[in-house]
Amino acid sequence: MTEVPEKEEIKNWYYSNFELFENSLNGQSKAPVHKIRKEAIAEFIELGFPTTKNEEWKYTNIAPLLTQNFKPAYLSNKISLSKEEVSKFLFTGVNASILVFVNGDFSNELSSLLPEAKGVKFESLRQVLNNEPDFIEKYLLKSNKTIDGFSALNRAFISDGIVLRVPDSTILENPVHLLFISGSDEENLLVQPLNYIFVGKNSQIKIIESTVGVGSKAYLLNSVTEIFTGENSVTNYYKIQNDPDTCFQVSRTLIHQERSSVFTSNVISIGGELIRNDISTIFESEGCESNLYGLYLADGKRHIDNHTLIDHAVAHCHSNELYKGILDEKARGVFNGKVLVRKDAQKTQAYQSNKNLLLSRLAKVDTKPQLEIFADDVKCSHGATIGQLDEQSMFYLRSRGIGTEKARSLLLNAFASDIVDLISIEPLRETMNRIILDRLHKVSL
Amino acid sequence: MLSVKDLYVSVEGKEILKGINLEIKKGEIHAIMGPNGSGKSTLANVLAGRQDYQVTSGEVIFEGKNLLELSPEDRAREGVFLAFQYPVEIPGISNATFLKTAVNEIRKYKGLEQLDAMEFLALMKDKMQVVGMEQSLISRPVNQGFSGGEKKRNEIFQLTVLDPKLALLDETDSGLDIDALKIVANGVNLFKAQGKDNAVVVVTHYQRLLDYIVPDFVHVLYNGRIVKSGSKNLALELEEKGYDWIKEENQFSDSVK
Ligand SMILES: Nc1ncnc2c1ncn2[C@@H]1O[C@H](COP(=O)(O)OP(=O)(O)OP(=O)(O)O)[C@@H](O)[C@H]1O
Ligand SMILES: [Mg+2]
């Protein structure tokens, strides 16, 4: 393995790139957003990338990511993709409004909206920052604070992402697909979208976010997404992480839920070398429901870390979490699910479960539920399991003439189906079923 | 069809089968009876290929092949079927998917064409009636949430669909009321009728089932050995007298061992 360079060297790399970035901005460096960037790069220089000494990164060693430098994508040559090339990353049969980002930049040419979505405001962050000076004050400076080196780095290079605003009482039948295509043949890239999604009062939307790669070089996708769900709204968020084997993804999602809103996420991780997902939900008002689901499949030396935080700040909210993982070879999984039930959050219901299957003796998972309950009239439970494929079920299937390989993949698929079946978009569910079955065949080799 | 010679089997170092001899010819029905813990399920599971049982000596020939050398799936493909005493529940796999996979894996082994969805459905419909399987059970996950009786019926349903040569039924009658018992017996008799050479081994504690599935031979398994064999009258005798006289007869050989 290549040696990890000195901390200072890594910081210098990003700092000198920040200076290049700053110079490339010309007059734009006077824009208010640049003040945030400057503060953030200073924070990054102070913090550096997190190490396993940081409690939140205890089980995730990012060393493989530090052995290479990633060039901020804004400073590299743009790549061009045809609609044809993009179409292979779409989900067959899913009729969606499609928003494409190439190395973090929104591409108008590659995107297409369904007629029903014409009431929805789709803008690039770049556009919004130009046109709405108070967006910074209202959102950029509010909740998305620097928590570690990754979030600092994202803020230091703020430039693009999606700002999606669903007006009140708008029900979208078809999903909105945010497709992030990253990578290059020339150099390793750092891609850092910053996204804002606002779902209006009484509105309903399904969002698919998928991340895929092109090109032969590695990339680090370090994204931040903030979601605001309005009163009585329903949001389904599907995140499909299917990055190439050599790529890294750190993704942070913050959800703010208004009264009686329902937010459901389903994170399916089947690619990448190292993935770290942070999802934080805060109930701003009573009667909310949050469902966080996840499935991770990993073989080789893949590492997949899911951190969730649900902040029951107010009474009468429900949260429900189920994450399942299948780990083979030397893969590692991490699940850290924190549920905070504050003093006033009476009548809270919070359920959390994490189940893992280890297919090899070298595969490993660290699972850590953290329930912190300060209210007394609540219903909470959590559980975690780590196990192997059930011998008796294997024998049952084999005794009916089903070969070992097939029996294994049937059982693995059954394990995964708890999560996949929760995908409410039928063609997406079918596609994911097929992709996962395919993966499981590989995983169980 | 099946010839078991001097079979010794251990589990975790404990000897459970201590020299089993059993000859089953084509078309025959054998009943194996015996007190709890005597080794009946062990014998049935070893024949089906369960791997946590260790065969320490002896041989088993099935249709001219050394059965003990075959994997569980190949035994099934060659025509051995075990109806489990305690069928497992498998969440996440529907009965239909499970059975279709099994049917096609067996067909592939035999060099037959795969059944498509329609053909498979037709096959299922046919057999479902015989064992009174409700349509809804077919789409449910394998055995999940099935009652005891439904599980047993599902085993017999699988038997009729997979159509093996030798059926080993491990207490398929336990816990069934008389109607369910008749349905199970019907399924077994249908299986017998599907091929005149098909053979059946019924493991049971009760004479009752043998009124409907009439055995050619009855064996008593006690303490890992077949200590007595006879006609169907032996089952009646056991029903009447229990196992104490068998235990007494065999006390001497036990203490010598
Ligand atoms: N996996 C196992 N590990 C340890 N001991 C076992 C195992 N399976 C069976 N045994 C033991 O082997 C003996 C025979 O068990 P087996 O289940 O074959 O009996 P059986 O005749 O089928 O009894 P029953 O009529 O109660 O079904 C028993 O003493 C049982 O405890
Ligand atoms: Mg038994």
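Residues numbered from 1 in each chain as written. Chains lettered and ligands numbered in written order. Predicted model: local features only at pLDDT ≥ 70, side-chain atom pairs only at ≥ 80, totals over all residues. Heavy atoms only, no water.

> I keep staring at the confidence of the model for chain B and nothing clicks. Help me out?
Interpretation of this model should avoid reading the predicted coordinates in detail wherever pLDDT is low. Counting all residues, the mean pLDDT for chain B is 91, and 97% of those residues have values of 70 or more. Scored as a complex, the prediction yields pTM 0.88 and ipTM 0.95. (pLDDT = per-residue confidence, 0-100.)

> Could you clarify how one ought to interpret the coordination of the magnesium ion (ligand 2) in this entry?
Six octahedral donors at a metal ideally form angles of 90 or 180 degrees, and four tetrahedral donors ideally form angles of 109.5 degrees. For the magnesium ion (ligand 2), every protein donor is listed as Ser 41 of chain B (OG) and Gln 85 of chain B (OE1), and the spread of their distances is 1.9 to 2.2 Å. Placement of the pair is Ser 41 of chain B in helix H1 (residues 40-48) and Gln 85 of chain B in the loop between strand E6 (80-83) and strand E7 (90-94), with a sequence separation of 44 residues. (Donors = N, O, S within 2.8 Å, 3.2 Å for Na, K, Ca; no water. Helix = DSSP H or I, 4+ residues; strand = E, 2+ residues; numbered from the N terminus.)

> Explanation requested: the packing of aromatic side chains in the structure shown.
The geometry of an aromatic ring pair is captured by two quantities: the separation of the ring centres and the angle between the planes. All names here are of chain A. Taken as a whole, this structure holds 26 aromatic pairs over all chains when the rule is applied. The interplanar angle of 85 degrees and the centroid separation of 5.2 Å between the aromatic rings of Phe 135 and Tyr 196 together place this pair among those described as edge-to-face. Placement of Phe 135 in helix H6 (residues 134-140) and of Tyr 196 in strand E8 (residues 194-199) is noted, with a sequence separation of 61 residues between them. Neither residue differs from the other here; Phe 135 and Tyr 196 are each classed as buried. Linked through ring pairs, Tyr 14, Phe 44, Phe 49, Trp 57 and Phe 150 together constitute an aromatic cluster. Above the face of the Trp 57 ring, Arg 276 is positioned so that its terminal group lies 4.0 Å from the ring centre. (Phe/Tyr/Trp six-rings, centres within 6.5 Å; stacked < 30°, edge-to-face > 60°. Buried < 20%, exposed > 50% of the residue type's maximum accessible area, 1.4 Å probe, protein only. Lys NZ or Arg CZ within 6 Å of the ring centre and 35° of its normal.)

> What is the right way to read the environment of Leu 181 of chain B from this model?
Residue and element names in this part refer to chain B. Mapped onto the elements of the fold, Leu 181 is located in helix H7 (residues 178-194). A relative accessible area of 0% means that Leu 181 is categorised as buried. Along the chain, Leu 181 and Lys 152 lie 29 residues apart, while their C-alpha atoms are 9.6 Å from each other. Leave out the neighbours within four places in its chain, and Leu 181 touches Asp 173, Leu 176, Arg 208, Leu 209 and Tyr 212. (Contact = heavy atoms within 4.5 Å.)

> Where do I start with the site of ligand 1 in this structure?
Residues and elements named next belong to chain B. Neighbouring residues of ligand 1: 16 residues in total, closest Gly 37, Lys 40, Ser 41, Thr 42 and His 205. For ligand 1, an oxygen atom lies 3.2 Å from a polar atom in the side chain of Lys 14. Compared with its free state, where it exposes 630 Å², ligand 1 has 70% of that area covered by protein. With three residues, the top contributor of residues to the shell around ligand 1 is H1. Broken down by class, the residue content of the shell around ligand 1 amounts to four nonpolar, eight polar and four charged. (Near = heavy atom within 4 Å. Polar contact = N/O pair within 3.5 Å; in protein donor to acceptor, adjacent residues only side chain to side chain. Areas by Shrake-Rupley, 256 points an atom, 1.4 Å probe, with all protein chains shown as cover. Nonpolar A, V, L, I, M, F, W, Y, C, P; charged D, E, K, R; others polar.)

> Whenever I open this one, the state of the cysteines confuses me. Can you help?
What we call a disulfide is simply a covalent bond connecting the sulfur atoms of a pair of cysteines. Residues and elements named next belong to chain A. The final tally for this structure, using the stated rule, is zero disulfides over all chains. Unpaired in this structure, Cys 317 has its nearest cysteine sulfur neighbour in Cys 288, at a distance of 4.5 Å. With no disulfide partner, Cys 380 has as its closest neighbouring cysteine sulfur the one in Cys 317, 12 Å distant. Taking relative accessible area as the criterion, Cys 380 reaches 25% and is therefore assigned partly exposed. (Disulfide = S-S within 2.5 Å.)

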